[in-house]
Amino acid sequence: MGSGDIVGIGFVGLGVMGQPMALNLLRAGYPLTVYNRTAARAAPLAEAGASVAVSPRAVAAASPVVFVNVADDAAVEAVLFGPEGLVHGLAPEAVVVDMGTTSPAATRAFARRLAERGCTLLDAPVSGGEAGARAGTLSIMVGGPQAAFVRVLPLLEVLGRNIVHVGESGAGQVAKACNQIVVSATLMGVAEALTFARRQGVDAARVREALLGGFAYSRILEVHGRRMLAGDYTPGFRARLHQKDLGIVSREAQALNLALPASALAAQLMNALVASGQAEADSSALVQVIEQLCGLAPDKPADS
Ligand SMILES: NC(=O)c1ccc[n+]([C@@H]2O[C@H](COP(=O)([O-])OP(=O)(O)OC[C@H]3O[C@@H](n4cnc5c(N)ncnc54)[C@H](OP(=O)(O)O)[C@@H]3O)[C@@H](O)[C@H]2O)c1
């Protein structure tokens, strides 16, 4: 499917992630109609040649394939089924691709409601952050019918590199929850290690440098470790969104009687970070909660 085979693509939700993803689709030659609740965030897309619609419904009326990238379950529900929601404008056989992180349970329910109207919902959450969204190198984990996956695959290939059809509806969101389990446990480990080094009076930047070449290497150590050392928590991935993702893990774990102690601890620490007024900061600011537990002021040098 080249750009000529698709009449138009819709994109709803132009936040940190949605905006660069939508721009990449536009640059790949796909005609794009966009909507964002806060209209000002659509301006860069309009400048780049996208049509700006007045509602999700209007996006759907212009687009057989609509991408959605909004904050949480409630936002996806509002965009899909609200008074001016996509569902009121979608043609039968339209495909909606939810690229945000939504709970698997809500995703399956949304997919059933869309299927009643002859439309398909694919869950296609991503990993790779804002940098991956800009570079078109996201990892994309997809749930939903194979035929719809095949139909939108050329579009996903504009947005990401590692694209896996994990299984039926909700399977992509399950994979994303697994991603967040690994990411949050690693984030805690990196925060503890750098705090430990600091408290020992050892240069934490040199420790990170040493660890990057060994078995402790991870993208979290590389990217978030750098943020922690610089004390730069410009988002990135907002703490409130990470808190939301750990809430998804907690609720799904409880429903299945699963004991996930590391995820539960990460959820509590993320609650503490949000409670400290850092909801909009990058979630790597979690190191500040560890520092406080250890009696270190956030930007205080180790030996003072
Ligand atoms: N940032 C990352 O590194 C990252 C990585 C992977 C996955 N994600 C996931 O991607 C999704 C978006 O994250 P983001 O970082 O782009 O967040 P963001 O910058 O905070 O943007 C959130 C978007 O959701 C929209 N929104 C929120 N509530 C809404 C509602 N009730 N109705 C309509 N639109 C609503 C916002 O519109 P307004 O502009 O009007 O507020 C905005 O467009 C989340 O599910 C997040 O967990 C993020």
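None of the values given here were measured: they were computed from a predicted structure. (Residues numbered from 1 in each chain as written. Predicted model: local features only at pLDDT ≥ 70, side-chain atom pairs only at ≥ 80, totals over all residues.)

S.K.: Describe the site of the ligand, and please don't skip the residues or the numbers.
M.R.: Neighbouring residues of the ligand: 27 residues in total, closest Gly15, Arg37, Thr38, Ala75 and Gly100. Broken down by secondary-structure element, the contributors of at least two residues to the shell around the ligand are helix H4 (73-81), helix H6 (129-135) and helix H11 (239-255). Of the residues forming the shell around the ligand, the biggest block, 4 residues, is contributed by H4. Partitioning the shell around the ligand into residue classes produces 12 nonpolar, 10 polar and 5 charged. A domain split of the shell around the ligand shows at least three residues from each of domain 1 (3-167) and domain 2 (175-293). (Near = placed C-beta within 6 Å. Helix = DSSP H or I, 4+ residues; strand = E, 2+ residues; numbered from the N terminus. Nonpolar A, V, L, I, M, F, W, Y, C, P; charged D, E, K, R; others polar. Domains from an automatic or database assignment.)

S.K.: Mind laying out the nonpolar core, listing which residues take part and the relevant values?
M.R.: With 85 residues, the main nonpolar core has Ala22, Val34, Val66, Val68, Val96, Val97 and Leu286 as its most contacted residues. Ignoring sequence-local partners within four residues, the contact set of Val68 consists of Val12, Gly13, Val76, Val79, Val96, Val97, Asp98, Met99 and Gly100. (Core = buried A, V, L, I, M, F, W, Y, C linked by C-beta atoms within 7 Å. Buried ≥ 20, exposed ≤ 12 C-beta atoms within 10 Å, placed from the backbone. Contact = placed C-beta atoms within 7 Å.)

S.K.: Help me get a handle on the pairing of strand E9 (residues 160-167), residues and values and all.
M.R.: Here strand E8 (residues 138-143) runs beside E9; their pairing, made up of 6 bridges, is parallel. Each bridged residue has a counterpart across the sheet, and for Val142 the counterpart in E9 is His165. After leaving E8, the chain enters helix H7 (residues 146-159) and then returns to the sheet as E9, a path that is right-handed. (Pairing = 2+ DSSP bridges. Right-handed = clockwise from strand over helix to strand, strands pointing away.)

S.K.: Describe the domain arrangement of the chain, and please don't skip the residues or the numbers.
M.R.: Taken as a whole, the chain is organised into domain 1 (3-167) and domain 2 (175-293). For domain 1 versus domain 2, the distance between C-alpha centres works out to 28 Å. Looking at the side of domain 1 that touches domain 2 residue by residue, the classes come out as 6 nonpolar, 4 polar and 2 charged.

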